[in-house]
Amino acid sequence: MRFSDLSIRNKLLVSAGALFSVSIIGVSLIGSMVMSSAAERAAEREAQALLTSYANEVSGGLTRSLTVAQTTAAAVEGLIANGMTDRDRLGDMMIRTVEGNPNLVGMTLAFEPNGLDGRDADFKGHKYSDANGRFVPYFYFGADKKVTVEQLVMTKEAGTEGWYDMPVRENRSLITPPYTYPIDGKDVLMTTISWVVRKDNKPVGIATSDLALTAIVDKMSSNKPFGEGEVKLIGGDDLWVSTSDASLLGKKVENAEVLKLIRASEGGEASSLVDDRYLAAIPVSFPGVAERWYVMIDVPHSAMIAGAVSARNTMLAIGGGLLLAVLVIVWFGAGALARPVARLTDVMGRLASGDTSVDAGMDERRDEIGDMARAVETFRENAIERQRLEDAQSEDEHARAARQARTEQLIADFRDKVQSLIGTVSETANGLDETARAL
C-alpha cells in the first residue's frame, strides 16, 4: 500500500512516528557518543587519580621502613664520627630500634672487615660479630616476638650481592627487588632497604630494614577500581609484588603488554587498551633511592563506561516512552481530525448522489473544518435551489404539454365537427337535388 493511499489518521501517525523516531534515535546516538566520550575521559581521569593514590599507598608503606634504615644509618654515622664504636652500645641501639618498629621483620647493621673500629681480631666470638670478629649482626623478631640476634654469613653464596655488596660497591642506597624468605616456616615475600653507612664520606657498612610485603599485597589486592578491576604491583627487576595469580609473586613479569606498559610509564602515567581491558601504570618513587616500582590497574573497559551505558539505556527507555506517548497523542489527535473530514466526505458524497436532506452540522466551528463545513452547506443550499428550479421548470413543461394537448384536441374536435357539418350539408344538398328532380 502506498503512503498516499493511507487514511489521514494513519498518515499522521506514520509521519509523526517516523519524525519522532528519527529525532529520538539521532539524539540518543549523539548523546550516547558524547556521554561515552565524556565517560571515558572521566574514567581515565579517575584511573589516574586512583593510580596516584595507590602509588602513594605503596610509597608510604615502604617509606616508613626506608626512613628507619636512613635514620639508623645517620645515627651510626654520627656516633662513629664522634669516636663511639662500642659494639655493645651499637647492638643495644639496634635492638631498641627493632622493638620500636614491629612492622619490620628485622634489621641489619653490617660493616666491612675492620670497617667499624679496625679491631675485628679482638672481637672474635663476640655476640654481634662473626668468627672473624667482623661486626655483622642481624636483629629480628623470634617466635616469642622478642628481638633475637644472629651473625650473618657474608658471602656471595649466601646472597649478599643484592643488599650489601652492590650498595657498598656503588656507594648508593637502594631497595632490593622482592624476594621470598621463610618466616615461622612460611615463605613470605619481602624487600630489604639498604642504606649506606659512611665514614669520611666513604662507605664502610650498611644499615638495613627488612619489610614483609604481605600488608602491601593484601592492600593492593583489596582494591577494586571501578568495581571489577585489579591493582597490580611490580617491584625491582620487573618482579611481581602483587597480582591475582599468587603463583607469580616474586617472579619475573613475562607478559609483553605489561612490560611494554611499564616501560612507557617510566616518564609518568601510561595507559593502553588491550583485548577490551584498560591497562594503566604509574611509577612509584622512593626518597633517596633510584629504584622505582610500578603500580598498574587492569580494568574491563565495559566497567569504566558502565555509567555512560546505563545513562544511554535510560535515555533510550525515556525516548521510547516519549515515542509511545506521542504516537498515542497523534492517534487521538488524528482521529479528532479524521472523523469530521470523514463526515464531510460522506455528506459531499450524499449531496453528489442528490440527497439534499443531509446536514454536516459543523458550520459553527471556527477552524478549517468549519470553513469546509460551511462550504459544503453552501453546496447543499445550491443543490436544493437547483432542484427547486429544475422542479419548477419541469412543472412548466408539463403545463405547456397539457395546453398543447388540449389545443390539439380542440382542433381535432373542430375538424370532426366541420367534417360532420360538411356531411350534413352535403346530405341536405343531395336531398334538395333529389327533391328538385322529383318536381
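One can find the structure itself at the top, above this paragraph.
Residues numbered from 1 in each chain as written. Predicted model: local features only at pLDDT ≥ 70, side-chain atom pairs only at ≥ 80, totals over all residues. Heavy atoms only, no water.

1. Side note on the sheet that holds strand 10 (residues 270-274)
- Judged by pairing direction, the sheet is antiparallel, and its five strands sit side by side in the order 9-8-12-11-10 without closing on themselves. Unpaired on one side and paired on the other, strand 9 (239-242) and strand 10 mark the two borders of the sheet. Looking at each pair of strands side by side, their axes are set apart by 25 degrees on average, direction ignored.
- The sheet contact formed by strand 11 (residues 277-285) and strand 12 (residues 292-300) spans nine bridges and is antiparallel. Within strand 12, the residue paired with Val-284 across the bridge is Trp-293.
- Against the sheet, helix 4 (residues 214-222) engages strand 8 (230-235) and strand 9, with an angle of about 75 degrees to strand 9.
- Across the sheet, helix 5 (residues 256-264) lies against strand 8, strand 9, strand 10, strand 11 and strand 12, angled at about 155 degrees from strand 10, the strand it touches most. (Pairing = 2+ DSSP bridges. Helix = DSSP H or I, 4+ residues; strand = E, 2+ residues; numbered from the N terminus. Axes fitted to C-alpha atoms, helices over the stretch in contact; angles between N-to-C directions. Contact = heavy atoms within 4.5 Å.)

2. Overview of the nonpolar core
- One finds Val-58, Trp-293 and Val-295 to be the most contacted residues of the largest nonpolar core, which totals 57 residues.
- Within the second largest apolar cluster, 14 residues are counted, among which are Val-136, Tyr-138, Leu-152 and Val-168. (Core = buried A, V, L, I, M, F, W, Y, C linked by side-chain atoms within 4.5 Å. Buried < 20%, exposed > 50% of the residue type's maximum accessible area, 1.4 Å probe, protein only.)

3. Structural notes on the packing of aromatic side chains
- Evaluated as defined, the whole model comprises six aromatic pairs.
- Ring centres of Tyr-128 and Phe-135 lie 6.2 Å apart, and the angle between their planes is 70 degrees; on these two criteria the pair is classed as edge-to-face.
- Since its relative accessible area comes to 2%, Tyr-128 is described here as buried.
- Overall, the relative accessible area of 1% leaves Phe-135 in the buried class.
- Centre to centre, the rings of Phe-286 and Trp-293 are 5.8 Å apart; their planes meet at 85 degrees, and the pair counts as edge-to-face. Neither residue differs from the other here; Phe-286 and Trp-293 are each classed as buried.
- Chaining the aromatic ring pairs together yields one cluster made of Phe-111, Tyr-128, Phe-135 and Phe-139. (Phe/Tyr/Trp six-rings, centres within 6.5 Å; stacked < 30°, edge-to-face > 60°.)

Limitation: the analysis is restricted to geometry and does not speak to function.
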